[in-house]
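Overview (structure and organization)
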Amino acid sequence: ILQKDLTPGQFINEAQLQALLGLGRTPVREAVLALAQDKLVHYIPAKIEISRPTLKDIHDIFEIRSLLEPLILHQCFTRWIVQWAVDMRTLLLQHQDDEAGNAGQTAAPLIELDNEFHLKLVDTLHNQYASQLMRSLTEYLNLIRITAWRQAYQVSNREHIDILNAILERRPEDACRLLSEHIQLSYQEAINTMI
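Now for a look at the structure at hand. Source: prediction; values computed, not measured. (Residues numbered from 1 in each chain as written. Predicted model: local features only at pLDDT ≥ 70, side-chain atom pairs only at ≥ 80, totals over all residues. Heavy atoms only, no water.)

A few words on the nonpolar core. Counting residues in each nonpolar core, the largest one holds 40 residues, and the members touching the most others are Phe 62, Ile 72, Leu 73, Leu 164 and Ile 167. Sorting elements by how many residues they give to this core places helix H8 (residues 172-194) first, with 8 residues. Core analysis: the next-biggest nonpolar cluster, separate from the first, contains 8 residues, Ile 12, Leu 17, Val 28 and Val 41 among them. (Core = buried A, V, L, I, M, F, W, Y, C linked by side-chain atoms within 4.5 Å. Buried < 20%, exposed > 50% of the residue type's maximum accessible area, 1.4 Å probe, protein only. Helix = DSSP H or I, 4+ residues; strand = E, 2+ residues; numbered from the N terminus.)

The subject of this paragraph is H8. An ideal rise of 1.5 Å per residue puts 33 Å on 23 residues; H8 measures up with 33 Å between its terminal C-alpha atoms. Looking at H8, one finds that the buried residues are Ala 175, Cys 176, Leu 178, Leu 179, His 182, Ile 183, Ser 186, Tyr 187, Glu 189, Ala 190 and Ile 191. (Expected span 1.5 Å × (residues − 1).)

Moving on to the layout of surface pockets. Quantified by volume, the second largest pocket comes out at close to 200 Å³. Around the second largest pocket sit Asp 38, Lys 39, His 42, Ser 51, Arg 52, Asp 57, Asp 60, Ile 61, Ile 64, Ser 136, Leu 137 and Tyr 140, which together line it. The set of elements that each furnish at least two residues to the lining of the second largest pocket consists of helix H3 (55-75) and helix H6 (128-147). The dominant element in the lining of the second largest pocket, judged by the number of residues it contributes, is H3, at 4 residues. Split by residue class, the lining of the second largest pocket holds 4 nonpolar, 3 polar and 5 charged. (1 Å grid on protein atoms, 1.4 Å probe; cavity = no way out; pocket = protein on both sides within 12 Å on 5 of 7 lines; lining within 4 Å. Points joined across faces, edges and corners; volume = space filled by probe spheres on them. Nonpolar A, V, L, I, M, F, W, Y, C, P; charged D, E, K, R; others polar.)

What follows concerns the pairing of strand S2 (residues 41-44). Here 4 bridges tie S2 to strand S3 (residues 47-50), and the two strands are oriented antiparallel to one another. Each bridged residue has a counterpart across the sheet, and for His 42 the counterpart in S3 is Glu 49. Hairpin connection, S2 to S3: the antiparallel pair is bridged by 2 residues, and Ala 46 has positive phi, about 75 degrees. (Pairing = 2+ DSSP bridges.)

Another point: the packing of helix H1 (residues 14-21) against helix H2 (residues 25-37). Packing of H1 against H2 brings their axes to within 10 Å, and their N-to-C directions diverge by 105 degrees. Considering their axes alone, H1 and H2 lie roughly perpendicular with respect to each other. Mapping the contact onto sequence places Glu 14, Leu 17, Gln 18 and Leu 21 in H1 and Arg 25, Val 28, Arg 29 and Val 32 in H2. Along the lines of polarity and charge, the residues of the contact of H1 with H2 split into 4 nonpolar, 1 polar and 3 charged. (Axes fitted to C-alpha atoms, helices over the stretch in contact; angles between N-to-C directions. Parallel < 35°, antiparallel > 145°, perpendicular 65-115°, else oblique. Contact = heavy atoms within 4.5 Å.)

This part covers the pattern of salt bridges. A full pass over the atoms with the stated rule returns 10 salt bridges. Among the salt bridges present, the one from Glu 14 reaches Arg 29, with a minimum N-O distance of 2.9 Å. Here Arg 29 lies in helix H2 and Glu 14 lies in helix H1, a separation of 15 residues in the sequence. With a relative accessible area of 5%, Glu 14 lands in the buried category. Look at Arg 29 and you get partly exposed, because its relative accessible area is 27%. A salt bridge links Lys 56 to Asp 60; the nearest nitrogen and oxygen atoms lie 2.9 Å apart. (Salt bridge = Lys/Arg side-chain N within 4 Å of Asp/Glu carboxyl O.)

Our focus in this paragraph is the side chain of Glu 69. Note on placement: Glu 69 falls in helix H3. Look at Glu 69 and you get buried, because its relative accessible area is 0%. A distance of 2.6 Å separates a polar atom in the side chain of Glu 69 from a polar atom in the side chain of Arg 65. In this structure, Glu 69 is in contact with His 118, Leu 121, Val 122, Met 134, Leu 179 and Ile 183, ignoring residues within four places of it in sequence. (Polar contact = N/O pair within 3.5 Å; in protein donor to acceptor, adjacent residues only side chain to side chain.)

Any link to function would need more than the numbers given here.
Written as structure tokens, this is what we have:
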């Protein structure tokens, strides 16, 4: 799904999926059931539909993110691990010219960097329930990202770098404002792509 081999709204049966993955019936069925639990697919025995995010899904996920992430960043500002922030900024700088789909590249590595950034932010709170909530949102958020990937990955990447710069320069208000703006821009891009 993340590599766009299967696209939202597509139907596939278990036999096709087994052939595509080179796996037997039991591991495919277990994987499909796990994906169904995360709402990434709709499973009707022997028939699987890759989920399509709805406008309501997008709204709900970005609403909780806009409430949760900036608040955690503000509350945990002094807990940020400086070396992680430096390393993450270096990684993002290395990928600042990447675009999903260019030169045979899939969106998956870019999405993983995005996930790492946001999950680490929430993990900084050291609250198992907040981290668990963010991880549960991330799987479905990945489906939204695949469906409505930012037109220019560089924009999203640059926003992450700006947030990290504000963190490393000890500017909490700027970091929180930039994070809020980043989430809002991502939300707007997702909505615009779906309309």
